[in-house]
Amino acid sequence: MSRFFAGKDSDTETESEVSDEEHVQPVAKSKAYQGDFSDDDEETKRVVRTAKDKRFEEIRNVIKNVKNSKKIKDVGKVLEEFDQLTRAFAKSQKVIEKEGVPVFYVRTLVDLEDFVNQSWAEKATLSKLNIKALGSLRSKFRKYVKDFEGQMASFRLNPVASEEENVQGEEEEEEDEDETTDEEGGMTTAKKAKGAKAKKGSDEMDEDEDEDMDWDTDSETSETDSEDEERYKNDPAARFLKRPGDEEKQREKEKQKKKTVGNRPGHMRQRRAEVDEEGWTTMTDKPKLFSKDAEINHGVVLKKLGEIMSQRGKKSTDRQEQIELIEELRVVARRAGLGEAIELKLMLSLISSIFDYNPNMATNMKAEVWRRLLETMGQLVKFLNEHSHMEVLENIADDEENVSDPTLPYRVHGLPLALIERMDDEFTRILQNTDAHSPDYVENLKNEAKVVAIIEGMQAYMEGKKANSEDMCRIYERRIAHIYYKIDYKFMEGSKKGTAAQAVAGSSVEVLERLCAYIYNQDMTDRTRLRAILMRVYHAALHDQWYEARDLMLMSKAQDNISHADPPTQVLYNRAMVQLGISAFRAGNINEAHNALMDIQSSGRPKELLAQGLLPVRQHERSPEQEKIEKRRQMPFHMHINLDVLECVYLVSAMFIEVPYLAAHENEQRRRIISKYFYHSMKQSERHALSGPPETLPEYVIAASKAMKTGDWKRCKDLILSDKLNKRVWNFFYEADKIRSMLAARLQQCSLRCFMFSNSAFYDAISVKTLSQMFDLTKEEILSVMGKMIVTEDLAASVDEPSQTVIMHRTEPSRVQQLALQLSDKLSLFVETNEKLLDMKTPNNQRAKTWTDRRQHQGGQGQGHGQAAYQERQHGADRQHHTYQDRGHNNYQPRQHNNYNDRQYNHYNDLSAY
Amino acid sequence: MATRRDLDGPGRADESPAQIVQLNALVVMQIIKQCEELRSLGEHAEGYLCGLLEAERLEITYAYPSLRGETTDQEADDYSDEMNRRLRQQGIDNMVVGWYKSAVFGSFLNREVFEAQYAYQSAVEESVVLIYDPVRTSQGLLTLKAYRLGPEIMNIVKKDGLEFSMESVRQAKINVETLFQEIPIRIKNSHFVNAMLSELEVIAPSPNKRPFLDLSTSNILEKNVGLLLEGVDHLLSENAKLTNHQKRIQRLQSDRIRIVQRKNAQRQAKGEPLLTEDEINQMFPRPFPDSPRADIVLTAAQVSQYCDKIGQFSAQSLSKMQMAEALQGKLKDSSAAFVSAIHKEVQPNQ
């Protein structure tokens, strides 16, 4: 085609080829202005293209490589690239389903087949390595090619006809515009290559392709040559200026284009023509965007934008420069009054460029760039809200855009939501990378208001636009993520004074409720819904709405499948759980608090589980990459949950549960450990011969526990409500005094229980009055605690109403009885193992019968005791099992009835909660 | 001294050489004396019994303590030889017909005693071991019992050594009862001694204040149950061992079956005859020896001994209690008395 005319001696072979092509050529490109820049095909990131183009181009690239390797007969390379090719093809499966297998692909396969066969025939001439590769290539190829047999056969029959609908033309066309005078070199190499090859059949086409390729690379180099110039602002125009000489060529091209247009649907044709026309007129007019008398119109601006954007991602590109250029372009466009769509398009491009400014994922933007980004984002959102009639969608292909025609609705390709998400992530990254204790952090954090405002603006825009629910969920999630961890003090004040409904109105709780409700209903990905639920749980827990939070947690069934979730969601789950536990503690549900916090705290690495810091690396445990990933996952400091609070709340909860239990079962051999972490700390401190005054938080709690165990509630209270704990824990609570008084009351009651457990044996009776003096509780409180202990059979006593005394009934077992109980335990275990042993020895069916018989027999004989004990033991085992399960699921299992069952068993657990 | 078992009880083997053990009062005194001396040191007494055999009766006429502390076998042998020589010189029976040992709560059924008794019995068939319980004796009940290994167990040990296997235990039908045989004891004084005792009675009449109603249940019961617990623990661990053993055997068995089947299939394919039983056995030599049973049997016997003791003791205590109550006449209804007796027994503090 044209380029052959432009610079070539009349090689007959090529001539015929050209003529061939010329009438084969009628296919044109799908895009108007893209062709102008297609010289750098390899820049995959450059312009947003349709999926089809992108995929096909990918395949074509690989095909080129294949051909290159074929030429030099590097079979190993061919094999490698064939793999790549099939992979690329598989990747574009979707497109191919729509479009059918592209002809150029079939052709490549045919060529390859020829190549393989040929090489196989001259195997002897090949090197050892190549032969080996050839073998595997051949077998692979044969296997692969089976699916395409039909197409290949038809291609072989009629290569030209198949070419008719060819896309290759595109390629051709793409190339010819950018040819420079140094084509010659490329040609000669191409010819050399031609000479080297001896092929039949579809060779010609093939050759042609090869040439294309060569030129392609050539123009590539020329392009880079001219890059410098481009940077000096006179690029596209300058380039166009260089070659007005090829008028002929252009005319020819235009002709072709028009031919092409003939094939297109109606309205498309119109627009195309227009753009083309303009494009070409400007070119001939040689406008300079930055010259004073330049005529600025859409095409020019777009082209210019394309130019600039095409530099994206290249190493040599000055990114700062790019931003400035677009900014400049924007100014120019605005001055020329090119309309809103152009403005928007430029804005979107500008934002992308700003994002590009920082290529490193791990580090954050510079403050200056970030400020600029925020500003532009703000503008964008504002703009979008003001011009909500414009269509800004992801799936508008470049050629479907309408930026210039004000009569039709503007359509612009773009994805503002994605940009916003990216900005939000960037914000998080900035905070992550800032030292949390420096003033910088505060400075950065101040920007949150802006970020939130942008997100809110976007949300408003999308709500106005009635965006699809998936996108809505996404923006809502972002919004919620900025709200959920903050306490709305107005709400807290409100709920203290008025009813709940009043408090909710206008508070963040309400906002969250509304957004979450939408997500619950509309979200199709479980992930977003789960995250929304968890954040809501967190928020509710934060606002002392413990029951709501708990119910929501139970309903979400999060604990069942959280182990399958992605790490950030798991972290969120942990956070919600911790907040739930702390909330339960504030609400006075010690037991629940303990269960909720147990998993996190007893693992010994709450810091890691809450993504609030990395543990020091032990050797070989974490690769640098992993560490990087984990670092990226960390929560920004302002969202952290106070670990001291967590630890202290957990320990105090454990103390309330475990210490009375310890006191009650002091001399039992086998006892259940409720909280391992607490128990071990306690044991450890008991092992010390000399314990000094407490220093760390756990030491305080342990010391308090010891005091509580002996019933010394005053000391216990002094320790728990000491200055240190106040400063580090309790003061962080909303209305800390309320919590403190709740704690104090509980400490007294708990100490009373411990006292009764450990000392009741030494009393025949004890007067309520004495107790009330000892523990500074009212008589009613004493009686209520006693009553509960008596009812649950923790204490064998009765209350004598008239004399106001608690009379003990001595029933604690004597030593012999304890031993006897142990013995019965052991014996039943023994019987069990014995039976098992017997089971093994005797074949299956007989023994089951005989043994049940025997046991029944025994029962009948009045050895009921053994049996009863046995059953009792079973029962005990069951019970343990229950609680175990319970704990595993944090007692937040949705199986309510089971929980109730357990409650009966674990009365000591429950009591502490009253 | 009550001997629970009749002379022709089920535990008796007819061919047993001696049906009764006759003790000299002197022997009893010697044993008690040594025990009391050592008890203050917290040690158990042990020593040799000398006597002679007469028809169906084993007469024991003299006892002397063994060496205390760490001794080698050679030293012990030298010592007993020397003793025997001296006794002969004095005209005292010097044939060793057994040994004695003090043990509280009947906790003597252990490996040590078992091995020692086996050694004695294989030297002199009639040898017995006298077990003396100083605690019970101090409470007013002279507890002195003579035991001997049953003939079946002797046969097994002769055949299989001390680590006899389960198989042999089953074949010989040894159970807890037949491991150690108890032999009735009779204490016989010479006329001189009887005369002296009578005279003593006249000179210093014993203050007739036997604390026969003393229950002192808690301590003894406690101790007994504690020992019982130990025994059961031991049995439990043995049980676990056995279970593991069994599992291994099963696994091996299934392996064996699988391999044999495979080989047989191969052979069938080749047309060769199937593996014979001998060939199979040759292929798989017995991999694990049976776990030794001696310890288990001994522990079981010991546990049963404890159970007997507890039963005996409780029965005595209960009857004492009932008697006391009947005497007081407070509770007419005997069943009520029984209930309260039980109640009292478990609450000894009141």
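One structure accompanies this document, and this report is about it.

Cut-offs applied
- Position numbers for residues count from 1 along each chain, tracking the sequence in the order it is written.
- Chain letters and ligand numbers both follow the written order, the letters beginning at A and the numbers at 1.
- Restriction of local features to residues with pLDDT of at least 70 applies here, the model being predicted, together with a cutoff of 80 or more for giving and counting side-chain atom pairs; totals for whole chains, interfaces and linings are based on all residues.
- Only hydrogens and water are removed before side-chain values are computed, so all heavy atoms of the structure are retained for them.
- For the purposes of this entry, the term helix denotes a DSSP run of H or I that reaches at least four residues, the term strand denotes a run of E that reaches at least two, and both are numbered from the N terminus.
- Buried means the residue's accessible area, taken with a 1.4 Å probe over protein chains only, is under 20% of the maximum for its type, while exposed means over 50%, and partly exposed covers the values in between.
- Here, two residues are considered to be in contact whenever any of their heavy atoms come within 4.5 Å of each other.
- Residue burial considers only the protein chains on display, and all accessible areas are found by Shrake-Rupley using a 1.4 Å probe.
- As a rule, the C-alpha atoms of each element are fitted with a line to give its axis, helices using only the stretch in contact, and angles between N-to-C directions run from 0 to 180 degrees.
- Each angle is binned into one of four classes, with values under 35 degrees roughly parallel, values over 145 roughly antiparallel, values of 65 to 115 roughly perpendicular, and all other values oblique.
- Residue polarity is assigned by list, with Asp, Glu, Lys and Arg as charged and Ala, Val, Leu, Ile, Met, Phe, Trp, Tyr, Cys and Pro as nonpolar; anything else, Gly included, falls into the polar class.
- Only buried residues count toward a nonpolar core. Its members are Ala, Val, Leu, Ile, Met, Phe, Trp, Tyr and Cys residues joined through side-chain atoms within 4.5 Å.
- The salt bridge definition used is simple: a Lys or Arg side-chain nitrogen within 4 Å of an Asp or Glu carboxyl oxygen.
- In this description, strands pair whenever DSSP reports at least two bridges between them.

**Here's the deal with the overall build of chain A**
Helix and strand counts for chain A stand at 47 helices and five strands. The burial tally for chain A puts 49% of its 914 residues in the buried class. Residue pairs in contact within chain A that sit at least 24 positions apart in sequence constitute 69% of those at least 6 positions apart. Surface summary for chain A: the accessible area is close to 44800 Å², and the carbon and sulfur share equals 52%.

**Details of the overall build of chain B**
When its secondary structure is counted, chain B shows 12 helices and eight strands. Per-residue burial for chain B yields a buried fraction of 39% across its 350 residues. Considering only contacts within chain B whose residues lie at least 6 apart along the sequence, 74% involve residues at least 24 apart. About 20300 Å² of surface is accessible on chain B, with carbon and sulfur atoms providing 54% of the total.

**Points about the packing of helix α18 (residues 319-336) of chain A against helix α19 (residues 340-356) of chain A**
Working note: a packed helix pair is described by the angle between its axes plus the distance between those axes. All names here are of chain A. It is the contact of α18 with α19, at a shortest axis distance of 9 Å, that shows an interaxial angle of 170 degrees. Classified by the angle their axes make, α18 and α19 are roughly antiparallel. Across from Arg319, Ile323, Ile326, Glu327, Leu329, Arg330, Ala333 and Arg334 in α18, the residues of α19 making contact are Ile342, Glu343, Leu346, Met347, Ser349, Leu350, Ser353, Ile354 and Asp356. Of the residues belonging to the contact of α18 with α19, the class tally is nine nonpolar, two polar and six charged.

**Observations concerning the nonpolar core**
Residues and elements named next belong to chain A. Ranked by size, the top nonpolar core spans 158 residues in total, and within it Met423, Val652, Met655, Ile720, Trp730 and Met756 carry the most contacts. Beyond its immediate sequence surroundings of up to four residues, isoleucine 720 is in contact with Val652, Met655, Val701, Ala704, Leu725, Trp730, Leu743 and Leu747. Residues Ala88, Leu112, Val145 and Phe148 belong to the second largest nonpolar core, which totals 33 residues.

**Description of unusual backbone geometry**
Residues and elements named next belong to chain A. The phi angle at alanine 611 is positive, at roughly 55 degrees, despite the residue not being glycine. One non-glycine residue with positive phi stands out, namely glutamate 735, at about 55 degrees. Along the chain, glutamate 735 turns up in the loop between α39 (723-728) and α40 (736-759).

**Overview of the environment of A:Ser507**
All names here are of chain A. Turning to its location among the elements, serine 507 is positioned in the loop between α26 (500-504) and α27 (508-522). On the basis of relative accessible area, serine 507 is assigned to the buried category, the value being 4%. It is 5.8 Å that separates the C-alpha atoms of serine 507 and phenylalanine 491, two residues lying 16 residues apart in sequence. When neighbours within four sequence positions are excluded, serine 507 is seen to be in contact with Asp488 and Phe491.

**Observations regarding the pattern of salt bridges**
Between side chains of opposite charge, a pair can form as their charged atoms come close. Residue and element names in this part refer to chain A. This structure, assessed with the given rule, holds 30 salt bridges over all chains. The salt bridge partner of glutamate 448 is lysine 486, with a shortest N-O separation of 3.3 Å. Residue glutamate 448 is located in helix α23 (residues 448-465), and its partner lysine 486 is located in the loop between α24 (469-483) and α25 (489-497); the two are separated by 38 residues in the primary sequence. On the accessibility criterion, glutamate 448 (9% relative accessible area) is buried. Exposure remark for lysine 486: the relative accessible area of 32% places this residue in the partly exposed category. Between aspartate 644 and arginine 728 there is a salt bridge, with its nearest N and O atoms 2.8 Å apart. Taken together, the residues span a long stretch of sequence, with aspartate 644 in helix α35 (residues 643-664) and arginine 728 in helix α39 at a distance of 84 residues. Its relative accessible area of 22% is what places aspartate 644 among the partly exposed residues.

**Considering the sheet that holds strand β5 (residues 805-808) of chain A**
Residues and elements named next belong to chain A. If you walk across this open sheet you meet the three strands as β3-β5-β4, and the pairing is antiparallel. The sheet is open, and its two edges are formed by β3 (765-767) and β4 (797-800), each paired on a single side. Put simply, the sheet's adjacent strands are angled 20 degrees from each other on average, direction ignored. As paired elements, β4 and β5 share four bridges and run antiparallel to each other. Following the sheet pairing, serine 798 is matched in β5 by isoleucine 807.

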